[in-house]
Amino acid sequence: MLHPVLRRASEAASEAGVPPFREMGVAGARDRAAAMAPPPLDDEAVKVSDLVIAGVDVREYTPVDRETDLVVVYAHSGGWVLGSLETADALVRRLSSLSGAKYVSVGYRLAPEHPHPAALDDLEAVLLATPGPVVLHGDSAGGNLCAVLAQRHPGRVRGQILVYPVTDWDPSRPSHREASPHGFLDAADMSWFWELYAPDPAVRTGPGCAPLRHIGPNPVPALVVTAGVDPLRDEGVAYASALRDAGGDVVHHHLEDCAHGFLSMLGRLDRADDTTALIASWVADLDTQGD
């Protein structure tokens with residue numbers, strides 16, 4: 001059963017006649033994603049700077065009283081099509097403040113103007129230009145980018161945080177066939193995002209898009225967060241299990257009553273606040289384990 005706060009949000013979207021992302025077009029969907037982002041947070045405990053690293057726009061968040069040497073490179077959600085440094089700002093600011101770690105939020109290029117592998121190339125460039133130790137953190141499509149790069153550069157990555165990640169291209173999974181609450185991601189939207197990001201279906205099962213199909217031995221330690229009401233639920237659960245089977249150190253946090261994108265309700269949904277605190281604690285613990 002959907003969490004009451006999320007159920008009310010879905011009912012409000014239905015009453016307002018909010019169409020699915022795919023029916024809004026790219027520009028309209030981007031505007032909708034911006035409107036759904038958490039409101040700005042004024043956190044004086046974190047210094048924020050806009051920079052360019054390896055030719056890519058980033059926003060750097062550094063706690064005033066920094067507690068860890070870890071740097072977390074963050075990739076925002078949005079189906080590789082939506083989202084920005086601005087839509088991710090409140091969440092990343094909170095994560096940096098709670099974890100005591102520097103966060104580098106990456107403004108990677110978006111499809112369809114810049115299809116695969118542009119977003120991956122941008123995140124990889126920032127990763128390789130960032131002195132270690134580095135943690136990769138991504139939500140949804142950002143989780144896909146991070147999972148791919150954790151496989152590609154295991155020696156540079158201390159840990160990976162994957163929140164309701166895209167890990168495969170397989171629309172036959174049961175979670176893709178289940179109905180999604182109004183106003184949240186559904187399977188048809190996900191298909192639309194795939195078409196814009198990777199127009200060639202043959203690319204979608206390769207190592208640059210489908211990390212679930214390309215797991216090697218002893219993968220990078222991972223925190224995987226999945227939601228019960230989410231087209232991506234099954235592939236996220238499968239990825240956590242596959243990482244563990246390959247010898248990885250995996251923490252899997254599943255929220256059965258949450259929908260895809262629930263972290264966007266930071267400050268309005270207890271599950272979002274609690275999960276943000278969990279992620280920050282995992283980052284801090286990962287730094288201690290590295291000592």
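Everything below is about the structure printed above this text.
This is a predicted model, so every value here is computed, not measured.

Asks: Hey, could you go over the sheet that holds strand 6 (residues 157-163) for me, with residue numbers and the actual values?
Replies: Across the sheet, eight strands lie side by side as 1-2-4-3-5-6-7-8; this open sheet has mixed pairing. Each end of this open sheet is capped by a strand with a single partner; those strands are strand 1 (46-53) and strand 8 (250-259). Mean inter-strand twist for the sheet, computed between neighbouring axes without regard to direction, equals 20°. Where strand 2 (residues 56-63) lies against strand 4 (residues 102-106), four bridges are found, and the strand directions are antiparallel. In the sheet register, Tyr 61 faces strand 4, and the bridge partner there is Tyr 103.

Asks: Provide a residue-level description of the packing of helix 4 (residues 118-129) against helix 5 (residues 141-152), including the pertinent values.
Replies: When two helices pack together, their arrangement is given by the angle between the helix axes and by the axis-to-axis distance. The interhelical angle for the contact between helix 4 and helix 5, taken along N-to-C directions, is 55°, at an axis separation of 10 Å. For the element pair helix 4 / helix 5, the angle class is oblique. Here the hand of the crossing between helix 4 and helix 5 comes out right-handed. Across from Ala 119, Leu 120, Leu 123, Glu 124 and Leu 127 in helix 4, the residues of helix 5 making contact are Leu 145, Cys 146, Val 148, Leu 149 and Arg 152. For the contact of helix 4 with helix 5, the per-class residue count stands at eight nonpolar, no polar and two charged.

Asks: Tell me what's going on with the packing of aromatic side chains, and back it up with residues and numbers.
Replies: Taken as a whole, this structure holds five aromatic pairs when the rule is applied. Seen from their ring centres, Trp 80 and Tyr 197 are 4.1 Å apart, and the 5° between their planes marks the pair as stacked. Highlighted residues: Trp 80 in the loop between strand 3 (71-75) and helix 3 (85-99) and Tyr 197 in helix 7 (residues 187-197), separated in sequence by 117 residues. Given a relative accessible area of 0%, Trp 80 falls into the buried group. What makes Tyr 197 buried here is its relative accessible area of 1%. Taking NZ or CZ as reference, Arg 204 lies 4.9 Å from the ring centre of Trp 169, over its face.

Asks: An account of the packing of helix 3 against helix 9 (residues 270-289) is needed here, citing residue identities and associated values.
Replies: Axis separation between helix 3 and helix 9 bottoms out at 8 Å; the angle between their running directions is 50°. If you check the angle between helix 3 and helix 9, you find them oblique. Of the two elements, helix 3 crosses helix 9, and the hand of that crossing is right-handed. Residue-level contacts link Leu 91, Arg 94, Leu 95, Leu 98 and Ser 99 of helix 3 to Asp 273, Thr 276, Ala 277, Ile 279, Ala 280, Val 283 and Ala 284 of helix 9. Its residues assigned to classes, the contact of helix 3 with helix 9 comprises eight nonpolar, two polar and two charged.

Asks: Which residues make up unusual backbone geometry, and what values go with them?
Replies: With an omega of 5°, the peptide bond between Ala 111 and Pro 112 qualifies as cis. When you line up the elements, Pro 112 lands in the loop between strand 4 and helix 4. Residues His 116 and Pro 117 are joined by a peptide bond in cis, for which omega reads 10°. For Pro 117, the position within the fold is in the loop between strand 4 and helix 4. The phi dihedral of Trp 80 is positive, around 65°, even though this residue is not glycine.

About the criteria used
Residues numbered from 1 in each chain as written. Predicted model: local features only at pLDDT ≥ 70, side-chain atom pairs only at ≥ 80, totals over all residues. Heavy atoms only, no water. Pairing = 2+ DSSP bridges. Helix = DSSP H or I, 4+ residues; strand = E, 2+ residues; numbered from the N terminus. Axes fitted to C-alpha atoms, helices over the stretch in contact; angles between N-to-C directions. Parallel < 35°, antiparallel > 145°, perpendicular 65-115°, else oblique. Left-handed = near helix turned anticlockwise from the far one by under 90°. Contact = heavy atoms within 4.5 Å. Nonpolar A, V, L, I, M, F, W, Y, C, P; charged D, E, K, R; others polar. Phe/Tyr/Trp six-rings, centres within 6.5 Å; stacked < 30°, edge-to-face > 60°. Buried < 20%, exposed > 50% of the residue type's maximum accessible area, 1.4 Å probe, protein only. Lys NZ or Arg CZ within 6 Å of the ring centre and 35° of its normal.

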